[in-house]
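The chain contents come next:
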Amino acid sequence: MVYDGIIIALLVGLFRGGNFKGLADMKLKHAWVFPVLLLIQIIVYLTQNKIAIIGSSSNIIFMLVYIAGLYFLWVNRHHSGFIIIFIGVLLNFIVMAANGGRMPVSLEASTVLDPYFIEALKSDLYGKHAAITEATRLAFLGDIIPLSAPYPREQVISIGDVIMNIGVFFFIQYLMLGKKEKNSTPQVTASN
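Residues numbered from 1 in each chain as written. Predicted model: local features only at pLDDT ≥ 70, side-chain atom pairs only at ≥ 80, totals over all residues. Heavy atoms only, no water.

(A) Structural view of the overall build of the chain. If you tally the helices and strands in the chain, you get seven helices and four strands. In terms of overall dimensions, the chain has C-alpha extents of about 75 × 35 × 30 Å along its principal axes. Among the 192 residues that make up the chain, the fraction classed as buried is 41%. Accessible surface for the chain amounts to roughly 11400 Å². Of this, 69% is attributable to carbon and sulfur atoms. Across the chain, 14 positive and 11 negative side-chain charges occur, with their mean positions spaced 16 Å apart. (Helix = DSSP H or I, 4+ residues; strand = E, 2+ residues; numbered from the N terminus. Buried < 20%, exposed > 50% of the residue type's maximum accessible area, 1.4 Å probe, protein only. Areas by Shrake-Rupley, 256 points an atom, 1.4 Å probe, with all protein chains shown as cover. Lys, Arg positive; Asp, Glu negative; His and termini not counted. Charge placed at Lys NZ, Arg CZ, Asp CG, Glu CD.)

(B) Structural view of unusual backbone geometry. The step from Ala-149 to Pro-150 runs through a cis peptide bond, and the omega angle for that step is 15°. Among the structural elements, Pro-150 can be located in the loop between strand 3 (145–147) and strand 4 (155–157). Even without being a glycine, Leu-138 presents a positive backbone phi close to 55°. Assignment of secondary structure puts Leu-138 in the loop between strand 2 (129–131) and strand 3.

(C) Structural context of a nonpolar patch on the surface. Judged by side-chain polarity, Ile-94, Leu-138, Phe-140, Ile-144 and Ile-159 come together as a nonpolar surface patch covering roughly 390 Å² of accessible area. Residue placement: Phe-140 occurs in the loop between strand 2 and strand 3. (Patch = residues over 30% accessible without salt bridge, like charges linked within 9 Å, V, L, I, M, F, W, Y side chains within 5 Å. Salt bridge = Lys/Arg side-chain N within 4 Å of Asp/Glu carboxyl O.)

(D) Highlighting the packing of helix 4 (residues 52–75) against helix 5 (residues 82–98). Look at helix 4 against helix 5: their axes get within 10 Å of each other, and the N-to-C directions meet at 160°. Relative to helix 5, the element helix 4 is oriented roughly antiparallel. Note on packing geometry: the crossing formed by helix 4 with helix 5 is left-handed. Residues Phe-62, Met-63, Tyr-66, Ile-67, Leu-70, Phe-72, Leu-73 and Trp-74 of helix 4 form the contact with helix 5, whose participating residues are Phe-82, Ile-83, Ile-85, Phe-86, Val-89, Leu-90, Asn-92, Phe-93, Met-96 and Ala-97. A breakdown of the residues in the contact of helix 4 with helix 5 according to their chemical character gives 17 nonpolar, one polar and no charged. (Axes fitted to C-alpha atoms, helices over the stretch in contact; angles between N-to-C directions. Parallel < 35°, antiparallel > 145°, perpendicular 65-115°, else oblique. Left-handed = near helix turned anticlockwise from the far one by under 90°. Contact = heavy atoms within 4.5 Å. Nonpolar A, V, L, I, M, F, W, Y, C, P; charged D, E, K, R; others polar.)

(E) Spatial organisation of the side chain of Thr-47. Mapped onto the fold, Thr-47 is located in helix 3 (residues 33–47). Judged by its relative accessible area of 18%, Thr-47 falls in the buried class.

(F) Expanded view of helix 6 (residues 115–122). Within the sequence span of helix 6, burial applies to Ile-118, Ala-120 and Leu-121. Each buried residue of helix 6 lies within a common arc of 160° when the element is viewed along its axis, so the set occupies one face. The outward face of helix 6, more than 90 degrees from its buried face, is lined by the exposed residues Pro-115, Tyr-116 and Lys-122. Of the surrounding elements, those touching the buried residues of helix 6 are strand 1 (103–105) and strand 2. (Arc of directions from axis to C-beta.)

(G) Quick look at helix 4. For helix 4, with 24 residues, the first-to-last C-alpha span of 35 Å sits near the 34 Å given by 1.5 Å per residue. The principal kink in helix 4, of about 60°, is found at Ser-58. (Expected span 1.5 Å × (residues − 1). Bend = angle between axes of the 7 residues up to and from the residue.)

(H) Seen up close, the nonpolar core. In this structure, Leu-73, Phe-82, Ile-85, Val-89 and Met-96 are the most contacted members of the largest nonpolar core, which totals 28 residues. In terms of residue count, the dominant contributor to this core is helix 4 (eight residues). Not counting residues within four places of it along the chain, the set of residues in contact with Leu-73 comprises Phe-82, Ile-85, Phe-86 and Val-89. Core analysis: the next-biggest nonpolar cluster, separate from the first, contains seven residues, Ala-109, Leu-113, Leu-121 and Ala-131 among them. (Core = buried A, V, L, I, M, F, W, Y, C linked by side-chain atoms within 4.5 Å.)

(I) Main features of the environment of Gly-5. Along the chain, Gly-5 turns up in helix 1 (residues 2–15). Put simply, Gly-5 and Ile-172 are 167 residues apart on the chain and 9.7 Å apart in space, counted from C-alpha to C-alpha. With near-sequence residues (within four places) excluded, Gly-5 lies in contact with Asn-165 and Val-168.

(J) Representation of the packing of aromatic side chains. Following the criterion strictly, the structure yields five aromatic pairs and no others. On the numbers, 6.3 Å between centres and 65° between planes, the contact of Phe-72 with Phe-82 is edge-to-face. On the criterion of sequence distance, the pair formed by Phe-72 in helix 4 and Phe-82 in helix 5 is long-range, its members being ten residues apart. Judged on exposure class, the residue Phe-72 and its partner Phe-82 are both buried. Ring geometry for Phe-82 and Phe-171: centres 4.8 Å apart, planes at 80°, overall edge-to-face. Of this pair, Phe-82 sits in helix 5 while Phe-171 sits in helix 7 (residues 159–183), and the two are 89 residues apart along the sequence. With a relative accessible area of 4%, Phe-82 lands in the buried category. Through a chain of ring-to-ring contacts, the aromatic side chains of Phe-72, Phe-82 and Phe-171 assemble into a single cluster. One Lys or Arg, Lys-128, reaches over the ring of Phe-62 and ends 5.5 Å from the middle of that ring. (Phe/Tyr/Trp six-rings, centres within 6.5 Å; stacked < 30°, edge-to-face > 60°. Lys NZ or Arg CZ within 6 Å of the ring centre and 35° of its normal.)

Here you go:
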């Protein structure tokens, strides 16, 4: 879902007359952390059903990825939108931690998805997610919001995802337009 938020924010930024210069000038503390965390998640996703030890420890790996991601967001909290992103990620972390490192997913909401995904959820083949059951804690923070047509990509998202994407939107808008708006503010000079 975060990729959708980035694309939407970029398109809105361009529509509003922004540019990519702010993205190029972006300065984040420990910027290397984000791509490393993304790479780790991709590796786990691709290998969790092939390598037993990765599959059995994927929930712990995902929790460690979230902790590192929260640290990265916290040290960069002075950037526009980062506190909102932090809150969204924290909500996702809380529900996953409360459910053994897995994001609970509503089977009813999942009817918009490929039936293979639903079967994988039911049989616990997908390491980062688990079907919501009566034993699920804080299910309202799980993936319970279905997105389908006219939205271009069918998916199920959480409240945390929505909040996180609002923060991403503000951050990208600031990068694409913020400096432009600051520079266009009329300067008042005192004269004697």
